[in-house]
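Descriptive structure summary
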Amino acid sequence: MSAKTLYDKIWDSHVVKEREDGTALLYIDRQLLHEVTSPQAFEGLRLAGRKPWRIAANLAVPDHNVPTINRKLGVDGVSDPVAKIQLQTLDENCDEFGINEIKLTDIRQGIVHIIGPEQGITLPGTTLVCGDSHTSTHGAFASLAHGVGTSEVEHVLATQCLIQRKMKNMRIVEQGILLNLQALLFKRFPWRDE
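Not measured: the values here are computed from a predicted model. (Residues numbered from 1 in each chain as written. Predicted model: local features only at pLDDT ≥ 70, side-chain atom pairs only at ≥ 80, totals over all residues. Heavy atoms only, no water.)

Now for the pairing of strand S6 (residues 127–130). Side-chain direction in a regular strand flips from residue to residue, so the side chains alternate between the two faces of the sheet. Residues Thr127 and Val129 of S6 are buried on one face, and the alternating residues Leu128 and Cys130, pointing to the opposite face, are buried as well. Direction of pairing for strand S3 (residues 30–33) relative to S6: parallel, over a ladder of three bridges. What sits directly across from Leu32, in S6, is Cys130. With four bridges joining them, S6 and strand S7 (residues 144–147) adopt parallel strand pairing. (Buried < 20%, exposed > 50% of the residue type's maximum accessible area, 1.4 Å probe, protein only. Helix = DSSP H or I, 4+ residues; strand = E, 2+ residues; numbered from the N terminus. Pairing = 2+ DSSP bridges.)

This is the structure in structure tokens:
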């Protein structure tokens, strides 16, 4: 038996079912939601008469349409009509489905990919999804994280699983002298350490 990478270990511990075609049903520990990719997902649940499979596994936070002024006013302080509708819809959907939301006026509100680690949602050894292409950055916390589309947001809400194909591992071998870039910068620019 060969050694396993961290990716292999997390993947293997979350596979629900693997198919001969290489796809697998992967259990998702946590899902982060925001106002842009979640409205259609919640509407899909409504139309199908479904409820979220594991409500506590989800956390919502307004992110993409947050104003830089009048935040104390919450959604009422949002001047852009499209942004306002998306933010109101997130509030309404979270209230209806019982999803925990860090609201616009909450002091913890911020960028969804910062909120995950700050609030202990992103944890080592877990699987995590969010309807955003930057979700893979949660891998820095030893989490297997996928950016997903709206239909997958709905699928994870309904089943707590995601159909995925396992990626290949890549081995990187460093040969030669490793440079200490920080030491080099301080030598060249001594004022930087002030």
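Let us look at the sheet that holds strand S1 (residues 15–18). In spatial order, the strands read S1-S2-S8; together these three strands make up an open sheet with antiparallel pairing. Bordering the open sheet on either side are S1 and strand S8 (161–165), each of which pairs with just one other strand. Averaged over neighbouring strand pairs, the angle between their axes works out to 25° when direction is ignored. Sheet strands in contact with helix H5 (residues 150–159) are strand S2 (23–27) and S8, and its direction is about 130° off that of S8. (Axes fitted to C-alpha atoms, helices over the stretch in contact; angles between N-to-C directions. Contact = heavy atoms within 4.5 Å.)

For the rest of this paragraph, the subject is H5. Every buried residue of H5 is listed here: Val153, Glu154, Val156, Leu157 and Ala158. For H5, the elements touching its buried residues are S3, helix H2 (39–48), strand S4 (58–60), S6 and S8. Count one or two residues on from H5 and you reach Gln160, which has phi positive near 60°.

Turning our attention to the pattern of salt bridges. Here the structure, examined in full by the defined rule, presents nine salt bridges. For Asp91, the salt bridge identified is with Lys103, shortest N-O distance 3.9 Å. Residue Asp91 is located in helix H3 (residues 81–97), and its partner Lys103 is located in the loop between strand S5 (100–101) and helix H4 (112–118); the two are separated by twelve residues in the primary sequence. Residue Asp91 is classed as buried on the basis of its relative accessible area of 17%. What makes Lys103 partly exposed here is its relative accessible area of 31%. Of the charged contacts in the structure, one is a salt bridge between Asp95 and Lys103, with a shortest N-O distance of 3.5 Å. (Salt bridge = Lys/Arg side-chain N within 4 Å of Asp/Glu carboxyl O.)

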